[in-house]
Amino acid sequence: MSDKNTSLNCIVAVTFLTLFAVPAPTCSARAGSGPEKGGLASLYPGDEGIERDSRVLFVDDFETGSPEQIGARWGQMSRKENVSLSDDIHSNSPGNKSIHYKDNAHLYTHTKGVDTMYTRFYVKFHEKTGYIHHFVHLVADRTPTPWPKGGAGETPPGDAKFSTGIEPTGRWGKVPPPGVWNFYSYWHEMKTKWGSVYNGKQEPIVPGRWYCVEAMLKANSSPEKADGEQAFWVDGELFGRFTGFRWRTTDKLKINSFWLLYYNTDQPARHNKDPHPESRVMEVWFDDIVIATEYIGPVHGKPKSGKKKATPSKSALLTPGMLIAEPGKSAFSQKFENGPGGFKGGTVTDGGTDSSKGYSFGPKGCSIWDAYSIPVKDSTTVRFSLKALGDVGDVQILIWSKKLENNCRYKIGSLKKGQTRNIEFRAIEARIGWGMEGPSLEGSVLDNFKLIFDGGENDRILLDDFEIRQ
Ligand SMILES: [Ca+2]
């Protein structure tokens, strides 16, 4: 590692999606001779056997399986028509293949939850690449789902989520495409609703050249301490280290998700005043991904056996209960075949799921009280189906918490006439506040439920197959 003389400026954080520049809330960058010196890869020439190290959480060298099979073991692949295997490999590659994305695509996976996550990946941008909107992310998600959650422009609650992206940025056109590496971070103390940017060494990324990129995200050690960090390396050289983050307000929130994202829109070309957006070729290659709890480092040496194939990892979410308790046993269910069963505010009608009966209600809502009483834990899950009988907006659930003396919300959004949605959420996801930004229902007692929406007096929604699991 040649991190000795890395000099870093404490750069202002700017929002990626807006043009405001604001001071970074916690920005102290330093060159480090930290515990990452050496790295796990130095113990495994050619990465051979690295997947068996207990500190390694996830490995994929894209030597095994079709894109469909790769998507299945990661948990989710988007735009699979844009994903292929390629024989373009980096010079230290111990294998024969890389994975190639064009335009827009992602692989999304989960590891067991950790307090410090390192990732290493090899990446190459097309020689004619343009600027990129969003790129690879590390994510801590209290209620992980196979798909990445949205949340652009929303400050995540400190006990629900935080994330950082290692991304190329054009610095408003100061650097040719794809730009220089920076961090794009979202957490409860970010100073604008569009997140914060942390710049490292200002070395432009050369299109058409393979790089080894590494990122580290370290959670704060206790809820009140601002001792979280993030750092990134390029070809083994420390490019940026940033300290002083209070990423989370509970240590139940672990880093557990990895998003190999390639997200393009025409926005970065506009923001960077790209003079030739029409000539750009939006393609990227990735290879030799390792996720671990310690510093990894670039591929070191050659495998003893010549070319090698790793045993690729699979998503931790494919092991039920590993990341979050499975929904518990059924505590209450109502299918409306024999009347409203405690629900008030609507009427039982035909037209429910599978031609059964359902419960029809208007914009004033329907509710149920004291038909069940369940202490809210991780496993507590609410599920039901909705069918809109008109175009309706802002469908949401209100659950009154005696403990918080307020309503917790879970927002569903709008539904088109005739649209059916199966809703399932963890009760801990319901939160106080219009934007669900306040305290969670966690630790309260779930003994009521109300559904409301915006719509005309005669608009109706049909509720069916309501169930609560402990
Ligand atoms: Ca490979």
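None of the values given here were measured: they were computed from a predicted structure.

> I'd love a proper account of the sheet that holds strand β4 (residues 76-78), names of residues and values included.
Pairing in this open sheet of seven strands is antiparallel, and the strands run β4-β7-β16-β9-β10-β11-β12 from one edge to the other. Edge strands, defined here as strands with exactly one partner in the open sheet, are β4 and β12 (196-199). Within this sheet the neighbouring strands show an average axis-to-axis angle of 20°, counted without direction. In this structure, strand β9 (residues 136-141) lies alongside strand β16 (residues 255-262), joined through four bridges in antiparallel fashion. In the sheet register, Leu138 faces β16, and the bridge partner there is Phe258. Contacts between helix α1 (residues 67-74) and the sheet are confined to β4 and β7 (105-114), with β4 contributing the most and set at about 130° to the helix.

> I'd like a description of the domain arrangement of the protein, backed by residues and values.
As assigned here, the protein comprises domain 1 (13-318) and domain 2 (330-469). The C-alpha-based centres of domain 1 and domain 2 are spaced at 37 Å. On the side of domain 2, seven residues touch domain 1, which itself brings five residues to the contact. Each residue belonging to the side of domain 1 that touches domain 2 can be placed in one class, and the counts come to one nonpolar, two polar and two charged.

> Give a detailed account of the nonpolar core, specifying residues and quantitative values.
Counting residues in hydrophobic clusters, the biggest one holds 73 residues, and the most contacted among them are Phe232 and Phe286. The element best represented in this core is strand β17 (residues 283-292), accounting for seven residues. Apart from the residues within four sequence positions on either side, Phe232 is in contact with Ile166, Trp181, Phe183, Gly200, Val213, Glu214, Ala215, Phe239 and Gly240. Listed in part, the 32 residues of the second largest apolar core include Phe343, Tyr359, Val392 and Leu451.

Analysis parameters
- Residues numbered from 1 in each chain as written.
- Predicted model: local features only at pLDDT ≥ 70, side-chain atom pairs only at ≥ 80, totals over all residues.
- Pairing = 2+ DSSP bridges.
- Helix = DSSP H or I, 4+ residues; strand = E, 2+ residues; numbered from the N terminus.
- Axes fitted to C-alpha atoms, helices over the stretch in contact; angles between N-to-C directions.
- Contact = placed C-beta atoms within 7 Å.
- Domains from an automatic or database assignment.
- Nonpolar A, V, L, I, M, F, W, Y, C, P; charged D, E, K, R; others polar.
- Core = buried A, V, L, I, M, F, W, Y, C linked by C-beta atoms within 7 Å.
- Buried ≥ 20, exposed ≤ 12 C-beta atoms within 10 Å, placed from the backbone.

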